[in-house]
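In case you want the letters, here they are:
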Amino acid sequence: MKKRIALFASGSGSNAQKIMEYFKKHDESEVVIVLTNNPEAYVLQRADNFEIPSHIFDRHEFTQTDDVVNLLKNLQIDLIVLAGFLWLIPQNLLKAFPNKIINIHPSLLPKHGGKGMYGDKVHQSILDKKEEESGITIHFVNENFDEGEVIHQSRFRIDKGDDIEMIKFKGQQLEHLHYPKVVEALLKKMKS
């Protein structure tokens, strides 16, 4: 039986898109659902394009009920992949899927991580600190923002004259290249 992936995203979902593409005709794994807290998120259109079901939830459903946990259990999800999902993961979900929830962050954690550090805020912080390099971090999710065990990091140089858009572009190139492969490697390690 194929390993089953659930994607969580809050916005455009470019990483979700790359993962859906990567696993579309994969022999061993597949994306079976896309979940979002944002009914306007473009990731819903991306999921529709791949004929992958989606589920929209609100904060109450996510944090005060077991609805999302039960949905994922019923779908027999092997790995939860956060791809631009901005909410903290509640305890009931962490307990139901221990070491089976991963996230990607657009910096070399622990630098430029934590509550409120996402998207352009991260890139601006990197610019403000005049960093000479940055990169991406793929990590397990725990009860705190961006503090779970690191699975993978990749780096890029920041050149003189790089602006926020160039830093974001360089980071996204690495994200799109590495995130699907890291997901695949983790799934391969899991017992059937």
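Quick note: structure is the one above.
Not measured: the values here are computed from a predicted model.

S.K.: I'm lost on the pairing of strand β6 (residues 133-140) in this one. Help?
M.R.: In summary, the side chains of a regular strand alternate between the two faces of the sheet. Extensive coverage of β6 is indicated by the burial of seven of its eight residues. Examined bridge by bridge, β6 and strand β7 (residues 150-157) share seven bridges and lie antiparallel to one another. Residue pairing for β7: Ile-136 is matched across the bridge by Ser-154.

S.K.: Explain the nonpolar core to me, please; I cannot follow it from the model alone.
M.R.: One finds Leu-7, Met-20, Val-81, Ile-102, Tyr-179 and Val-183 to be the most contacted residues of the largest nonpolar core, which totals 34 residues. In terms of residue count, the dominant contributor to this core is helix α7 (residues 164-189) (seven residues). Sequence-distant contacts of Met-20, defined by excluding residues within four places in its chain, comprise Leu-7, Val-31, Val-34, Arg-46, Ala-47, Phe-50 and Ile-52. Among the nonpolar cores identified, the runner-up in size contains 21 residues, and Phe-8, Ile-33, Phe-62 and Leu-94 belong to it.

S.K.: Honestly, α7 in this entry has me stumped. Any pointers?
M.R.: Relative to the 38 Å expected for 26 residues at 1.5 Å per residue, α7 spans 36 Å between its end C-alpha atoms, a close match to the ideal helical length. At His-178, α7 shows its maximal kink, close to 30°; a proline, Pro-180, follows between one and four residues later.

S.K.: Teacher, can you tell me more about the packing of helix α6 (residues 120-128) against α7 here?
M.R.: Geometry of a packed helix pair, given as the angle between the helix axes and the separation of the axes. The geometry of α6 relative to α7 is characterised by a closest axis approach of 9 Å and an angle of 115° between their N-to-C directions. When the axes of α6 and α7 are compared, the pair comes out roughly perpendicular. You can see that α6 and α7 cross each other, and the crossing is right-handed. On the side of α6, the interface is formed by Asp-120, His-123, Gln-124, Ile-126 and Leu-127, while α7 contributes Ile-164, Ile-167 and Lys-168. Classifying every residue of the contact of α6 with α7 by side-chain character gives four nonpolar, two polar and two charged.

Reading the values: the criteria
- Within every chain, residues take consecutive numbers counted from 1 along the sequence as written.
- For this predicted model, a pLDDT threshold of at least 70 governs which residues receive local features, and a threshold of 80 or more governs which side-chain atom pairs are given and counted, while totals over whole chains, interfaces and linings are taken from all residues.
- To get the side-chain values, take all heavy atoms of the structure and skip hydrogens and water.
- Relative accessible area decides the class of each residue, using a 1.4 Å probe on protein chains only: under 20% of the type maximum gives buried, over 50% gives exposed, and in between gives partly exposed.
- Secondary structure elements follow DSSP: runs of H or I of four or more residues count as helices, runs of E of two or more count as strands, with numbering from the N terminus.
- By this definition, two strands are paired if DSSP reports at least two bridges between them.
- By nonpolar core we mean a set of buried residues, namely Ala, Val, Leu, Ile, Met, Phe, Trp, Tyr and Cys, connected to one another through side-chain atoms within 4.5 Å.
- Residue contacts are defined here by distance: any two heavy atoms, one from each residue, within 4.5 Å place the two residues in contact.
- Working rule for helices: expected span equals 1.5 Å times residues minus one.
- Note that the bend at a residue is defined as the angle between axes fitted to the seven residues ending at it and the seven residues starting at it.
- As a rule, the C-alpha atoms of each element are fitted with a line to give its axis, helices using only the stretch in contact, and angles between N-to-C directions run from 0 to 180 degrees.
- For classification purposes, an angle smaller than 35 degrees is called roughly parallel, one larger than 145 roughly antiparallel, one from 65 to 115 roughly perpendicular, and anything else oblique.
- Left-handed describes a crossing whose near helix is turned anticlockwise from the far helix by less than a right angle; the clockwise case is right-handed.
- Three residue categories are used. Nonpolar comprises Ala, Val, Leu, Ile, Met, Phe, Trp, Tyr, Cys and Pro, charged comprises Asp, Glu, Lys and Arg, and polar comprises the others, including Gly.

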